[in-house]
Amino acid sequence: MRTALSIFVLACAAAPCGAASFSLGGASGYPGQRVSVPVRLNGGFSVTGYDFKVHYDRGIMSFSGANFVKVNGINRYSAKEASNGDIAVEARAETMPPSVGTINAKVVDLNFDIRSSAPPGSRGSVRFIGPAHVRISNTSTAIASTGGAGTVAVAAPPTPTPRRPPPGADLTTASPHTPPPRERPTLPPSLKPPPRRPR
């Protein structure tokens, strides 16, 4: 019994006990609009870093950067896109921090610009590829599970509302403006032409 307990304690010291998992959220927006897809790390573990990769639909949107949620002890964050639509996300501590943050929440927002050519009603996917990891120290890592695929739904832009007259305006008695008749200029006698002689 003591031997089994010792093995369990050593295993917990090398990797998180339980199920660390990453999950993707969804978003919606109009063509030309920027949206954010949240990524969450679940499990409530004390980690010094993490990494994962996602692939997104480049025909519907383009990657425009990431907003990381800062974690105590982690001081290096990066999100790099490859030419094929893969995004590598990494957060890590350069040196072992004196205290380690516990994560059980959103860790990053991945930002995408919906292409102006994306048809309303279409959907672009964001999905995990390859293994994901969490770091317990600078030398120890554990594999984290990934679940769900993020979806970016393209909505039709709202139709502009026609302008209406202000409340209380009475349009029934309104009459069109009649311009005044044109007046002929009056010439002084010296400039008046001589009368025509009868033929």
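Residues numbered from 1 in each chain as written. Predicted model: local features only at pLDDT ≥ 70, side-chain atom pairs only at ≥ 80, totals over all residues. Heavy atoms only, no water.

Participant: What exactly am I supposed to notice about the overall build of the chain here?
Facilitator: Across its full length, the chain carries one helix and 11 strands. For the chain, the proportion of its 199 residues judged to be buried stands at 31%. Within the chain, counting contacts between residues at least 6 apart in sequence, those at least 24 apart form 76% of the total. Carbon and sulfur atoms make up 55% of the accessible area of the chain, which amounts to about 13300 Å² in all. (Helix = DSSP H or I, 4+ residues; strand = E, 2+ residues; numbered from the N terminus. Buried < 20%, exposed > 50% of the residue type's maximum accessible area, 1.4 Å probe, protein only. Contact = heavy atoms within 4.5 Å. Areas by Shrake-Rupley, 256 points an atom, 1.4 Å probe, with all protein chains shown as cover.)

Participant: What is the right way to look at the pairing of strand β6 (residues 76-81) in this model?
Facilitator: Strand residues, when the strand is regular, have side chains that alternate between the two faces of the sheet. Pairing of β6 with strand β7 (residues 86-92), which is carried by six bridges, proceeds in the antiparallel orientation. Residue pairing for β7: Ser 78 is matched across the bridge by Glu 90. Between β6 and the antiparallel strand that follows it, β7, lie four residues; Gly 85 among them carries a positive phi value of about 95 degrees. (Pairing = 2+ DSSP bridges.)

Participant: Looking at this structure, how should I read the side chain of Asn 42?
Facilitator: With respect to the secondary-structure elements, Asn 42 resides in strand β3 (residues 34-46). In this structure the side chain of Asn 42 is engaged in a polar contact, spanning 2.5 Å, whose partner is the side chain of Arg 40. (Polar contact = N/O pair within 3.5 Å; in protein donor to acceptor, adjacent residues only side chain to side chain.)

Participant: When you look at the confidence of the model for the chain in this model, what are you seeing that I'm missing?
Facilitator: In regions of low pLDDT, the predicted coordinates are not meant to be interpreted in detail. Mean pLDDT over the chain works out to 80, with 73% of the residues at or above the 70 mark. Per-element averaging of pLDDT across the chain places helix α1 (residues 2-14) at the bottom with 37 and strand β5 (residues 61-68) at the top with 97. The low-confidence segment residues 1-17, where pLDDT is below 50, has 13 contacts with residues more than four positions distant or belonging to other chains. (pLDDT = per-residue confidence, 0-100.)

Participant: Which parts of the structure should I look at to understand the packing of aromatic side chains?
Facilitator: Tallying each qualifying case throughout the model produces seven aromatic pairs. Centre to centre, the rings of Phe 22 and Phe 52 are 5.1 Å apart; their planes meet at 50 degrees, and the pair counts as tilted. One end of the pair, Phe 22, is in strand β1 (residues 21-24); the other, Phe 52, is in strand β4 (residues 49-56), and 30 residues separate them in sequence. The class for Phe 22 is buried, based on a relative accessible area of 1%. Each ring, one from Tyr 56 and one from Phe 112, has its centre 5.1 Å from the other, and the planes form 55 degrees; the classification is tilted. (Phe/Tyr/Trp six-rings, centres within 6.5 Å; stacked < 30°, edge-to-face > 60°.)

Participant: Teacher, can you tell me more about the environment of Val 107 here?
Facilitator: Among the structural elements, Val 107 can be located in strand β8 (residues 102-114). Sequence separation between Val 107 and Arg 40 is 67 residues; the distance between their C-alpha atoms is 5.5 Å. If we skip the residues at most four places from it in the chain, Val 107 touches Val 39, Arg 40, Leu 41, Tyr 50, Asn 67, Phe 68 and Val 69.

Participant: How should the pattern of salt bridges be read in this particular structure?
Facilitator: Side chains that differ in sign of charge can pair as their charged atoms come close. The tally for this structure, following the rule as stated, stands at five salt bridges. The salt bridge partner of Lys 106 is Asp 109, with a shortest N-O separation of 3.0 Å. Note on Asp 109: relative accessible area 16%, which makes it buried. The network of salt bridges with shared partners includes Asp 51, Glu 90, Arg 92 and Arg 135. (Salt bridge = Lys/Arg side-chain N within 4 Å of Asp/Glu carboxyl O.)

Participant: How should I be thinking about the nonpolar core in this particular structure?
Facilitator: Soluble, globular proteins show a tendency: their nonpolar side chains are buried together. Of all hydrophobic cores here, the largest spans 40 residues; its most connected members are Phe 22, Val 39, Phe 52, Phe 112 and Val 134. It is β8 that contributes the most residues to this core, six residues altogether. (Core = buried A, V, L, I, M, F, W, Y, C linked by side-chain atoms within 4.5 Å.)

Participant: Explanation requested: the pairing of strand β9 (residues 123-135) in the structure shown.
Facilitator: In this sheet, β9 lies alongside β4 in antiparallel orientation, the contact comprising seven bridges. Residue pairing in the sheet places Tyr 56 in a bridge with Val 126 of β9. With four bridges connecting them, β9 and strand β11 (residues 150-154) associate as antiparallel partners. In the sheet register, Gly 124 faces β11, and the bridge partner there is Val 152. By the bridge criterion, four bridges tie β9 to strand β10 (residues 141-147) in an arrangement that is antiparallel. Bridge pairing links Arg 135 to Thr 141 in β10.

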